[in-house]
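Structural overview for review
Here is what each chain is made of, one letter per residue.
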Amino acid sequence: MLKELIIRTGLSAMLAVTLSACGSGPALPFTDLVFGGEGGASWDLPGTEEQTDVYDELAKPLPTDRPVEETEAEEQEETLPDASSMPEEIIQTITISAAGDCSLGNHQDQEYAYSFRQVYDGIEDEGYFFANVQDYFANDDMTIVNFEGVLTYSEERDETRTYNIKGDPGYARLLTAGHIETVSFANNHRLDYGVRGSDDTVAALEAEGILYAYDKNVCVYDTEKGIRIGVVSVNEVAWGLGSEKLLEEGIGKLREQGADLILACCHWGIERENYPTENQQYLGRKCIDLGADLVIGHHPHVLQGVEEYNGKFILYSLANFCFGANRNPADKDTMIFQQTFTFIDGVKQQDRQARVIPCSVSSVKDRNNFQPTPAQGEEAARIIGRINTYSKDFGVVFGEDGMPAY
């Protein structure tokens, strides 16, 4: 602004000198400042009135072809950061697949014919059991199932139990072949063959790099994208509402370990019942209140409904899946639940990208061949219809494509 005023003053002085020399009229007030009234040198300042008039003229802005608004806008634009220099948002999506009860083996009273062991002995490819769901499990970020039974050679079973389920330790390879990375292990069959049976199973899972969670043992799965998925697993069938304390402690541990997502797996409810108990509903909602992002239920061996609570899903029962302990269950309906979580710059967003994939525990109808298979056409619509019926009281509805439709 000062530079502009000096330029204006110089131009005005030159103009005044020229006009005075040419005798074009009375001397301008400004010449009085420089030359005096008759052109001689003088330091007398002009009157106050004339000074004001001159400087009013000098204060006028220089003419410009552009509007003032445009000039101001350009000045503002100069202060804005360059968009190309701003860091881009990092958007990541994590898809989790959850399925039901898997028992890789037989119970003590099953005959060899048509048993899981017989099928295993007759296959050439260990990928057989999960081959029909491979498209889902191989293309997600993590798959989790409920591992019901043990992998051990021990013969010392708990005879107080009706069914004792076990398979060979080598069967853990079937999970790897099926693209299953994590299992929940807190259930009423973990101790079918005592502490040794449980320890042998843990050793077999660890040999395959498969993560597990039960009771006070939590796990964190590191995805290839850097997002960490934590799992806590409790057995409400044994602990009742005392499971709440285990859940609170487990979720707290997972937060301390830097889990970005937390799955709470609950073994609960009544076998062969399609509707959750009050305890299931209380505990499921409590899991979310404590910080879980998804609640996965097991034990009834049949489908139950889905609830959305505070923007998060509770799966009350995913039913059987690859279930060797029953050679021909009357109810073969099951499902895979998939949910995709979005993270922006590492922060989980609020969204509801989920779907149910209706399935059968077997690829044939007359028996269980232990090969879970997605349902098609009318069968798929029928199974989704059942899920909707059981979810009706929670206001949850899934469309024909398995997506939320409410």
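Refer to the structure presented above.
First, a word on scope: everything that follows refers to the structure included in this document. Per chain, residue numbering runs from 1 following the sequence as it is written. Note on the predicted model: pLDDT of at least 70 is required for a residue's local features to be given, and 80 or more for side-chain atom pairs to be given and counted; whole-chain, interface and lining totals, by contrast, use all residues. Where side-chain values are given, they derive from all heavy atoms of the structure, hydrogens and water being excluded.

Our next topic: the packing of helix 10 (residues 243–256) against helix 11 (residues 278–290). The description of two packed helices rests on the angle between their axes and on the distance between the axes. To obtain an axis, a line is fitted to C-alpha atoms, over the contacting stretch when the element is a helix, and the angle between two such axes runs from 0 to 180 degrees between their N-to-C directions. Elements are defined by DSSP. Helices are runs of H or I of four residues or more, strands are runs of E of two residues or more, and each kind is numbered from the N terminus. The geometry of helix 10 relative to helix 11 is characterised by a closest axis approach of 10 Å and an angle of 20 degrees between their N-to-C directions. In terms of their interaxial angle, helix 10 and helix 11 are classed as roughly parallel. At the point where helix 10 passes helix 11, the crossing takes the right-handed sense. Of helix 11, the residues touching helix 10 (which contributes Ser243, Glu244, Leu247, Glu248 and Ile251) are Tyr282, Leu283, Lys286, Cys287 and Leu290. The residue inventory of the contact of helix 10 with helix 11, partitioned by class, reads six nonpolar, one polar and three charged. Note on angle classes: values under 35 degrees are labelled roughly parallel, values over 145 roughly antiparallel, values of 65 to 115 roughly perpendicular, and the remainder oblique. Crossings are assigned a handedness: left-handed for a near helix turned anticlockwise from the far helix by less than a right angle, right-handed for a clockwise turn. Only heavy atoms enter the contact rule, under which two residues are in contact if any of them lie within 4.5 Å. In this classification, the charged set is Asp, Glu, Lys and Arg, the nonpolar set is Ala, Val, Leu, Ile, Met, Phe, Trp, Tyr, Cys and Pro, and all remaining amino acids, among them Gly, are polar.

Positive phi, close to 65 degrees, is recorded for Tyr114, a residue that is not glycine. Along the chain, the position of Tyr114 falls in the loop between strand 2 (106–107) and helix 5 (116–122). Phi is positive for Ala319, close to 70 degrees, though the residue is something other than glycine. Following the sequence through the fold, Ala319 ends up in the loop between strand 13 (312–315) and strand 14 (320–323).

Next up on the list: helix 10. Every helix has an expected span of 1.5 Å times one less than the residues it contains. Given a rise of 1.5 Å per residue, 14 residues ought to cover 20 Å, and the 20 Å separating the end C-alpha atoms of helix 10 matches this to within 8%. Every buried residue belonging to helix 10 is among Ser243, Glu244, Leu246, Leu247, Gly250, Ile251 and Leu254, and all of these are buried. Down the axis of helix 10, the buried set is contained in an arc of 155 degrees. They therefore lie on one face. For helix 10, the secondary structure elements touched by its buried residues are strand 8 (219–222), strand 9 (228–235), helix 9 (236–239), strand 10 (261–267) and helix 11. Throughout, exposure labels follow a simple rule: accessible area from a 1.4 Å probe, protein chains only, divided by the maximum for the residue type, with under 20% read as buried, over 50% as exposed, and the rest as partly exposed. Directions are taken from the helix axis to each C-beta atom, and the arc is the one they span.

Okay, the sheet that holds strand 5 (residues 165–167) next. Any two strands with at least two DSSP bridges between them are considered paired. Across the sheet, three strands lie side by side as 2-5-4; this open sheet has mixed pairing. Only two strands of the sheet have a single partner each, and these edge strands are strand 2 and strand 4 (150–151). Note that strand 4 and strand 5 share two bridges and pair parallel. Each bridged residue has a counterpart across the sheet, and for Val150 the counterpart in strand 5 is Lys166.

One broad trend across soluble globular proteins is that nonpolar side chains are buried collectively. Counting 57 residues, the largest nonpolar core has Leu263, Ile296 and Phe337 as the members making the most contacts within it. The element best represented in this core is strand 10, accounting for six residues. With 35 residues, the next largest nonpolar core counts Cys102, Tyr171, Leu174 and Ile180 among its residues. Here, the term nonpolar core denotes a set of buried Ala, Val, Leu, Ile, Met, Phe, Trp, Tyr and Cys residues that are joined through side-chain atoms within 4.5 Å.

Mapped onto the fold, Gln371 is located in the loop between strand 17 (353–360) and strand 18 (373–374). Given a relative accessible area of 11%, Gln371 falls into the buried group. Two N or O atoms form a polar contact when they lie within 3.5 Å of each other; inside protein one atom must be a possible hydrogen donor and the other a possible acceptor, and for residues adjacent in sequence the pair counts only when both atoms belong to side chains. Separated by 3.2 Å, the side chains of Gln371 and Ser363 make a polar contact. Look past the residues within four positions of Gln371 in its chain and what remains in contact with it is Tyr128, Phe129, Ala131, Asn132, Ser360, Val361, Ser362 and Ser363.

Under the pairing criterion, centres of Phe, Tyr and Trp rings, with the six-membered ring standing for Trp, must be within 6.5 Å; the plane angle then separates stacked pairs below 30 degrees from edge-to-face pairs above 60, leaving the rest tilted. Taken as a whole and assessed by the stated rule, the structure comprises 15 aromatic pairs. Considering the side-chain rings of Tyr275 and Tyr390, the 5.4 Å spacing of their centres and the 80 degrees angle between planes classify their relative orientation as edge-to-face. Taken together, the residues span a long stretch of sequence, with Tyr275 in the loop between strand 10 and helix 11 and Tyr390 in helix 12 (residues 377–391) at a distance of 115 residues. Judged by its relative accessible area of 10%, Tyr390 is buried. Aromatic ring contacts, followed pair by pair, group Phe116, Tyr120, Tyr128, Phe129, Tyr171 and Phe370 into a single cluster. Across the ring face of Tyr193, the terminal group of Lys166 is positioned such that the distance to the ring centre comes to 5.2 Å. Note that Arg352 overlies the ring of Tyr406, its terminal NZ or CZ placed 4.3 Å from the centroid. We count a charge as sitting over a ring when the NZ of a lysine or the CZ of an arginine lies within 6 Å of the ring centre and within 35 degrees of the ring normal.

Taken by themselves, the reported measurements are silent on function.
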